[in-house]
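Examining the three-dimensional arrangement
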Amino acid sequence: MPIESSISFGDNLRNHLLIATPSLKDPHFSHTVTYICDHSQEGAMGIVLNRPLDLNIGQVFEELNLPLGERICQAPVLSGGPVNTQRGFVLHNEEGQWDSSLKVTDGICLTGSKDILTALSVGQGPTHALFALGHAGWSAGQLEDELATNAWLTVPASYELLFCTPIELRWSAAAKHLGIDPNLISPQLGHG
């Protein structure tokens, strides 16, 4: 019996997770879970949630000459995707006003301005935050085409998976929301 994605191709995938299936061979996305921050007719943008770099936020603070706040200095920096890999993004709970933020949904924002890093470095930023360099991006229709070729499964995002699940468990935890073990998915799965 084929596994079906929980979202039809015409739906907006904002605030959803893309779970890479074994049929997705692109090395940037193999075995990843990606949080979709924006999705429209023009394309989609997201942050890969389970690809830590060999870098922590304390090292980023040092590079930017920011104070080294004790609370989060050891937090890992994620490879958010292959687009704009020199640009930083903070995925966080909705606390504070920042220069450049995208409200993804009630309670979750994506910010790309330095003011949030400055606040976090002195312990005044959002309670929950993920740090990423780069992002994932799809041009108009590209994500829908990838869904049609079974590259991804989709599931609504959860706050717990974003901010409370260890990085190494995010891919399997996201798939479990669909009731499946991603390691047992056939590369030939279909959308019945």
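Residues numbered from 1 in each chain as written. Predicted model: local features only at pLDDT ≥ 70, side-chain atom pairs only at ≥ 80, totals over all residues. Heavy atoms only, no water.

So, on to the overall build of the protein chain. Scanning the protein chain from N- to C-terminus turns up five helices and ten strands. Residues counted as buried form 47% of the 192 residues belonging to the protein chain. Counting only carbon and sulfur atoms, one obtains 51% of the accessible surface of the protein chain, whose full area is about 9400 Å². (Helix = DSSP H or I, 4+ residues; strand = E, 2+ residues; numbered from the N terminus. Buried < 20%, exposed > 50% of the residue type's maximum accessible area, 1.4 Å probe, protein only. Areas by Shrake-Rupley, 256 points an atom, 1.4 Å probe, with all protein chains shown as cover.)

Moving on, we get to the pattern of salt bridges. Summed over all chains, the structure comprises three salt bridges. A salt bridge links Asp106 to Lys103; the shortest N-O distance between them is 2.9 Å. On the accessibility criterion, Lys103 (43% relative accessible area) is partly exposed. Among the ionic contacts, a cluster of salt bridges with common partners joins Glu94, Lys103 and Asp106. (Salt bridge = Lys/Arg side-chain N within 4 Å of Asp/Glu carboxyl O.)

On average, residues of the protein chain score 86 in pLDDT, and 87% of them reach the 70 mark or higher. By mean pLDDT, helix α1 (residues 57-63) is the weakest element of the protein chain at 90, and strand β3 (residues 43-48) is the strongest at 97. Contacts from residues 1-10, a stretch scored under 50 in pLDDT, to residues over four places away or in other chains number 25 contacts. (pLDDT = per-residue confidence, 0-100. Contact = heavy atoms within 4.5 Å.)

By size, the foremost hydrophobic cluster in this structure holds 42 residues, and its most contacted members are Leu17, Tyr35, Leu49, Leu91, Leu143 and Trp152. By size, the runner-up hydrophobic cluster in this structure holds 14 residues, among which are Ile72, Val90, Trp98 and Leu120. (Core = buried A, V, L, I, M, F, W, Y, C linked by side-chain atoms within 4.5 Å.)

What follows covers the pairing of strand β7 (residues 101-105). As paired strands, β7 and strand β8 (residues 108-111) are joined by four bridges and run antiparallel to one another. Following the sheet pairing, Lys103 is matched in β8 by Cys109. Turn length for the β7-β8 hairpin, with the two strands adjacent in sequence and antiparallel, is two residues, and the turn residue Gly107 shows positive phi of about 100 degrees. (Pairing = 2+ DSSP bridges.)

So, on to the side chain of Glu146. Tracing the backbone through its elements, the reader meets Glu146 in helix α3 (residues 142-148). At a separation of 3.0 Å, a polar atom in the side chain of Glu146 contacts the side chain of Trp138. Not counting residues within four places of it along the chain, the set of residues in contact with Glu146 comprises Trp138, Ala151 and Trp152. (Polar contact = N/O pair within 3.5 Å; in protein donor to acceptor, adjacent residues only side chain to side chain.)

In this section: unusual backbone geometry. Of note in the backbone geometry, His31 takes a positive phi value of approximately 60 degrees without being a glycine. Here His31 is to be found in the loop between β1 (16-20) and β2 (33-40). At Asn150, a residue that is not glycine, the phi angle is positive and equals roughly 65 degrees. One can find Asn150 in the loop between α3 and β10 (152-156). Given a relative accessible area of 14%, Asn150 falls into the buried group.

For β2, a buried count of six out of eight residues is recorded, marking the element as mostly surrounded by other parts of the structure. In terms of strand pairing, β1 meets β2 through three bridges, oriented antiparallel. Its bridge partner lying in β2, Leu17 is registered against Tyr35. As consecutive antiparallel partners, β2 and β3 are separated by two residues.

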